[in-house]
Amino acid sequence: MLEELIRSWDGEEVVVGFDAPTGTWMFVCLHSTKRGPAGGGTRMKTYPSPAAALEDAMRLSEAMTLKMAAADVPFGGGKAVLSVPSPPVGAERRRLLHRYGDLAASLGANFQTGPDVNTTTADMDVIAERHPFVFCRNEERGGSGDPGPYTARGVFHGIRATVSYLLGSPDLDGRVVLVQGVGDVGARLAEQLAKAGARVLVADIDPQRVEALAERIGAEVIPPDEVIGIECDVYAPCALGGTLNAETIPRLRCRIVAGSANNTLAESADAVRLQEAGILYAPDYVINAGGVLYAWGTEALRWDSETVETRLAGIGETLAAIYRRSETEGITTEAAAERLARARLD
Ligand code: NAD
């Protein structure tokens, strides 16, 4: 399976490691270095098999290539997956992260990483003890810290631009926005939306977290299993990927889908399903690029805060260009985003 996957992949390089004490498979995939060093997060997760983990790393690293190109920054796409039987803690986690750091360091500047699902800025501090090209270390260690607030700001700009394109004005006053998942990104997004006058609905599987936020910002709590059928202007998925599929799309009662979750669509046919349902979809890797713009921009490109803010606002402009292209070329917004990114790669 691993051999077949590697043979059929169109990326540049796969590095594989196995950590016997924890039973962890480590895959670092460099999809493209055409536009610059490959950038992408380090994900820690339990997978049903090493092949499933490798497949995920390959797919995610290709998405990073498109994300970096769509955001127009001089980096390629990569991703690392640590496929753990269960997430290690304490000294065992530290040892595994060092071992992984050595593996990543074997790629030198070609692989530049940061946090992802189940890895934190504290984990980046540990990996950076072995691999010099690590972003989002804690600020006291000289890193740029948590990228979540910047991802949230980018999504906020993206929602305004999408509302403006579809409804004629970016004004969110009175618009109904449903935020699914109020973690690092979703909570901050919900707060900004409420400040901008939107009627905010929030859902999370963590009842305490969602209730506390709702009370603080004046939002309405929706049970997590009722999200899909709720009537709203904007549905912002900020929890897990794959929420939109052949079964859920016909039940949506929103006009726009625009949120931070990676891989929101279960398959590419879902972009067509959304278009046919008259729902404007903000491609995930375009609207959620704020964290990458902040971390790679600040640490690798030495952007100042003004430049970061301009680039975050630029996410809205990129989305508007994608919507225009989708209309003039008669293609989905997902396809229009991919054409934009691939043209830059060529
Ligand atoms: P997080 O883990 O901090 O928050 C996720 C939240 O979703 C949690 O509160 C969790 O309880 C909730 N949740 C999980 N399953 C749910 C469900 N079925 N229904 C409702 N709520 C549910 O993660 P985050 O950093 O806020 O990221 C959110 C999403 O955005 C993820 O898909 C992530 O990959 C993506 N993303 C994040 C960043 C970033 O900078 N953090 C950047 C790009 C993309």
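Parameters and conventions
Residues numbered from 1 in each chain as written. Predicted model: local features only at pLDDT ≥ 70, side-chain atom pairs only at ≥ 80, totals over all residues. Heavy atoms only, no water. Near = heavy atom within 4 Å. Polar contact = N/O pair within 3.5 Å; in protein donor to acceptor, adjacent residues only side chain to side chain. Areas by Shrake-Rupley, 256 points an atom, 1.4 Å probe, with all protein chains shown as cover. Nonpolar A, V, L, I, M, F, W, Y, C, P; charged D, E, K, R; others polar. Domains from an automatic or database assignment. Buried area = accessible area lost by both parts, 1.4 Å probe. Salt bridge = Lys/Arg side-chain N within 4 Å of Asp/Glu carboxyl O. Helix = DSSP H or I, 4+ residues; strand = E, 2+ residues; numbered from the N terminus. Phe/Tyr/Trp six-rings, centres within 6.5 Å; stacked < 30°, edge-to-face > 60°. Buried < 20%, exposed > 50% of the residue type's maximum accessible area, 1.4 Å probe, protein only. Axes fitted to C-alpha atoms, helices over the stretch in contact; angles between N-to-C directions. Parallel < 35°, antiparallel > 145°, perpendicular 65-115°, else oblique. Contact = heavy atoms within 4.5 Å. Pairing = 2+ DSSP bridges.

Colleague: Would you take a moment to explain the site of the ligand for this structure?
Modeller: Taken together, 20 residues sit near the ligand, with Thr151, Asp204, Arg209, Ala239 and Ser260 positioned nearest. In the environment of the ligand, an oxygen atom lies 2.9 Å from a nitrogen or oxygen atom belonging to the backbone of aspartate 184. A distance of 3.2 Å separates an oxygen atom of the ligand from a polar atom in the side chain of asparagine 262. Isolated, the ligand exposes 830 Å² of accessible area, and the fraction of that covered by the protein chains is 74%. In terms of residue class, the shell around the ligand is built from 9 nonpolar, 8 polar and 3 charged.

Colleague: So what exactly am I meant to see when it comes to the domain arrangement of the protein chain here?
Modeller: Quite often, the size of an interface is put as the accessible area lost when its parts meet. Segmenting the protein chain into domains produces domain 1 (2–65 + 74–141) and domain 2 (149–345). Relative to domain 2, the C-alpha centre of domain 1 lies at a distance of 26 Å. When domain 1 packs against domain 2, the two sides together hide about 1300 Å² of surface, and 63% of this comes from carbon and sulfur. It is Arg35, Phe75 and Phe135 in domain 1 that bury the most area against domain 2; as a group they hold 37% of the surface buried on that side. Scanning the region where domain 1 abuts domain 2 turns up 1 salt bridge. Glutamate 62 serves as the salt-bridge partner of arginine 342, at 3.0 Å between the closest nitrogen and oxygen. Across the contact surface, domain 1 and domain 2 share 4 residue pairs in polar contact (both at pLDDT 80 or more). Here the element with the most residues in the side of domain 1 that touches domain 2 is helix H2 (residues 50–70); it accounts for 6 residues. In terms of residue class, the side of domain 1 that touches domain 2 is made up of 8 nonpolar, 7 polar and 7 charged.

Colleague: Explain the packing of aromatic side chains here, please?
Modeller: The description of an aromatic ring pair uses the distance of the two centres, along with the angle that the planes make with each other. The tally for this structure, following the rule as stated, stands at 5 aromatic pairs. On the basis of an interplanar angle of 5° and a centroid distance of 6.1 Å, the ring pair of tryptophan 25 and phenylalanine 27 is categorised as stacked. Residue class for phenylalanine 27 comes out buried when judged on its relative accessible area of 0%. Judged by centre distance (5.3 Å) and plane angle (50°), the rings of tyrosine 165 and tyrosine 323 are tilted. Of this pair, tyrosine 165 sits in helix H5 (residues 148–167) while tyrosine 323 sits in helix H11 (residues 305–329); the two residues are 158 residues apart in sequence, bridging distant segments of the chain. According to the relative accessible area criterion, tyrosine 323 is buried, its value standing at 1%. Put simply, the rings of Phe18, Trp25 and Phe27 pair up and form one aromatic cluster.

Colleague: Sorry, what's going on with the packing of H2 against helix H12 (residues 333–345) here?
Modeller: Each packed pair of helices is defined by two parameters, the angle between the axes and the distance between the axes. For the pair H2 and H12, interaxial distance at closest approach is 8 Å and the crossing angle is 85°. It follows from the interaxial angle that H2 and H12 lie roughly perpendicular. Judged by residue contacts, Glu62, Thr65, Leu66, Ala69 and Ala70 of H2 engage Glu338, Leu340, Ala341, Arg342, Arg344 and Leu345 from H12. A per-class count over the contact of H2 with H12 returns 6 nonpolar, 1 polar and 4 charged.

Colleague: Looking at this structure, how should I read the sheet that holds strand E11 (residues 280–281)?
Modeller: Within a sheet, each strand pairs with its neighbour through backbone hydrogen bonds, oriented either parallel or antiparallel. Sheet architecture is open: 6 strands sit in the order E8-E7-E6-E9-E10-E11, paired in parallel fashion. Edge strands, defined here as strands with exactly one partner in the open sheet, are strand E8 (220–221) and E11. Relative to E11, strand E10 (residues 256–257) is paired through 2 bridges, and the arrangement is parallel. The residue bridging isoleucine 256 from the neighbouring strand is leucine 280, located in E11. Packed on one face of the sheet, helix H6 (residues 184–195) meets strand E6 (176–180), strand E7 (199–203) and strand E9 (234–237) and runs near 170° to E6.

Colleague: How do you make sense of the environment of alanine 258 when you look at a structure like this?
Modeller: As for its position among the elements, alanine 258 is in the loop between E10 and helix H8 (269–276). By relative accessible area, alanine 258 is classed as buried at 0%. Considered as a pair, alanine 258 and phenylalanine 135 are 123 residues apart in the sequence and their alpha carbons are 26 Å apart. Beyond its immediate chain neighbours, meaning those up to four positions away, alanine 258 contacts Val155, Ile159, Val234, Tyr235, Ala236, Pro237, Ala282 and Ile287.

Colleague: I tried to follow the pairing of E9 on my own but got confused; where do I start?
Modeller: Taken residue by residue, a regular strand's side chains alternate between the two faces of the sheet. Burial along E9 is two-sided: Val234 and Ala236 and Tyr235 and Pro237, pointing in opposite directions, are all buried. The pairing of E9 with E10 spans 2 bridges and is classified as parallel. Within E10, the position partnered with valine 234 by the bridge is isoleucine 256.

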